[in-house]
Amino acid sequence: MELNNLLEEYILECKIRNYTATTVKQKEILLKSFIKYLENEFGIRKVEEVKRQNLQQYILDEKEKGNKALTINTKIKMARSMFKYALDENYINNNVFDRIKLLKQEKAKFSIFSDDEIKRMLKVWNERSYTNIKNKTIISLFVDCGIRCSELRNLKLDNIQGESIKVLGKGNKWRIVPISLKTRKLMLKYERARESLLQKKKIECDYYFMNQYKDHIQDNSPLQKMVLYTANKANVRSIVRASPHSLRHYYAIKSLELGTPIHILSRNLGHSSIKTTEVYLSQITNEQIEQEAIQKTKSPMSFL
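Just so we're clear, the structure is a prediction, and the values are computed from it rather than from any experiment.

### A closer look at empty space enclosed by the protein
And step 1. Under the counting rule described, the total for this entry stands at one cavity of 30 Å³ or more.
And step 2. The volume enclosed by the largest cavity comes to roughly 40 Å³.
And step 3. As for the largest cavity, its lining consists of Glu 2, Asn 4, Ile 35, Glu 39, Ile 44 and Arg 45.
And step 4. A per-class count over the lining of the largest cavity returns two nonpolar, one polar and three charged.

Spelled out as structure tokens, the structure:
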């Protein structure tokens, strides 16, 4: 079977499985690049022609390009998934990727925002205009809930539930994430400004946050640019990657420092496995862990 035909069919299958549009697009881009590599380097155009040594050379070439283990592993996983689909559909007799091991990854280290930097970022936006209150609310939700860009973009009015929000995450799974009273107060101000604006324009919008056309924010770019602009205005250190995802890192690490149990944090972040959340534990110092242990350990003797 032609690799390009396999890709077309596999992408359709991903859409049937309700993968998010972002995930499908990422798969399509990476897999097209992989197929082009096989054709250019080895003249391979059919799935059954792919050999283990072709994949080994692909990995070596990716390493020579300077790509990190995480990036290469992502590409391997996506290609392996497509070949598994080919196996399930009986287009091949075995999955050549089953003999390819993932690369060893370094433990993630994050340069996260400091508390003072977060405070300065919130002060960048006053509450005197719709845009200002909107941007301040967005920053607050990223910090207070650790939600992803796509999750924030897709929030609707009826997802706001008092002191929590209902979030549609990866794999089209819903979860409830608590919000602080401070953030809820800011949201109420935003909701009044939002309602006033829509009434003036005589239009309606179901989505909680809107683009400049008072419609659904279609991609992450406007949010990423706003966070970067805010960080620059707040004089955030250059070693911190100023992005919504870095605010998610801040939320996760700060939550652990404040004593949030990791299983609850994992649920709030929408992780499918607690192992994904455990990566943040490496950011907590031994001294912090010891102090928390002293404060929170309950001795069996105390209850006898």
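### What about the packing of aromatic side chains?
And step 1. The final tally for this structure, using the stated rule, is 11 aromatic pairs.
And step 2. Taking the centre distance of 6.0 Å and the plane angle of 55° together, the rings of Phe 34 and Phe 97 count as tilted. One end of the pair, Phe 34, is in helix 2 (residues 21–42); the other, Phe 97, is in the loop between helix 4 (69–88) and helix 5 (115–124), and 63 residues separate them in sequence.
And step 3. Of the aromatic side chains, those joined through ring pairs into one cluster are Phe 34, Tyr 37, Phe 42, Tyr 58, Phe 83 and Phe 97.
And step 4. The ring of Tyr 207 carries the charged tip of Lys 156 above its face, separated from the ring centre by 5.1 Å.
And step 5. Lying over the aromatic face of Trp 174, Lys 166 brings its terminal NZ or CZ to 4.9 Å of the ring centre.

### Let's talk about the environment of Lys 214
And step 1. With respect to the secondary-structure elements, Lys 214 resides in the loop between helix 8 (181–201) and helix 9 (221–233).
And step 2. Judged by relative accessible area, Lys 214 falls into the buried class, the value being 16%.
And step 3. Linking Lys 214 and Leu 197, residues 17 residues apart in sequence, is a C-alpha distance of 9.1 Å.

### Describing the side chain of Arg 194
And step 1. Along the chain, the position of Arg 194 falls in helix 8.
And step 2. Glu 195 provides the closest opposite charge to the buried, unpaired Arg 194, separated from it by 4.7 Å.
And step 3. A polar atom in the side chain of Arg 194 sits 2.7 Å from the backbone oxygen of Tyr 207.
And step 4. Other than its neighbours up to four places away in sequence, Arg 194 contacts Tyr 130, Leu 157, Cys 205, Asp 206, Tyr 207, Tyr 208 and Met 210.

### Description of the nonpolar core
And step 1. Among the nonpolar cores identified, the biggest contains 41 residues, and Met 121, Leu 141, Phe 142, Ile 165 and Leu 247 are the most heavily contacted of them.
And step 2. Elements that contribute at least two residues to this core include exactly helix 5, helix 6 (130–145), helix 7 (149–153), strand 2 (164–168), helix 8, helix 9 and helix 10 (244–257).
And step 3. Per element, the largest residue contribution to this core is eight residues, and it comes from helix 6.
And step 4. Look past the residues within four positions of Phe 142 in its chain and what remains in contact with it is Ile 147, Arg 148, Cys 149, Leu 152, Leu 223, Val 227, Pro 244, Leu 247 and Tyr 251.

### Let's talk about the packing of helix 10 against helix 11 (residues 262–269)
And step 1. As a packed pair, helix 10 and helix 11 sit with axes 10 Å apart at the nearest point and diverge in direction by 160°. Here helix 10 lies roughly antiparallel to helix 11, going by the angle between them. Viewed along their axes, helix 10 and helix 11 form a crossing whose handedness is right-handed. Contact residues: Arg 248, Tyr 251, Ala 252, Ser 255 and Leu 256 in helix 10; Ile 262, Leu 265, Asn 268 and Leu 269 in helix 11.
And step 2. Looking at side-chain class alone, the contact of helix 10 with helix 11 contains six nonpolar, two polar and one charged residues.

Criteria and thresholds
Residues numbered from 1 in each chain as written. Predicted model: local features only at pLDDT ≥ 70, side-chain atom pairs only at ≥ 80, totals over all residues. Heavy atoms only, no water. 1 Å grid on protein atoms, 1.4 Å probe; cavity = no way out; pocket = protein on both sides within 12 Å on 5 of 7 lines; lining within 4 Å. Points joined across faces, edges and corners; volume = space filled by probe spheres on them. Nonpolar A, V, L, I, M, F, W, Y, C, P; charged D, E, K, R; others polar. Phe/Tyr/Trp six-rings, centres within 6.5 Å; stacked < 30°, edge-to-face > 60°. Helix = DSSP H or I, 4+ residues; strand = E, 2+ residues; numbered from the N terminus. Lys NZ or Arg CZ within 6 Å of the ring centre and 35° of its normal. Buried < 20%, exposed > 50% of the residue type's maximum accessible area, 1.4 Å probe, protein only. Lys, Arg positive; Asp, Glu negative; His and termini not counted. Salt bridge = Lys/Arg side-chain N within 4 Å of Asp/Glu carboxyl O. Polar contact = N/O pair within 3.5 Å; in protein donor to acceptor, adjacent residues only side chain to side chain. Contact = heavy atoms within 4.5 Å. Core = buried A, V, L, I, M, F, W, Y, C linked by side-chain atoms within 4.5 Å. Axes fitted to C-alpha atoms, helices over the stretch in contact; angles between N-to-C directions. Parallel < 35°, antiparallel > 145°, perpendicular 65-115°, else oblique. Left-handed = near helix turned anticlockwise from the far one by under 90°.

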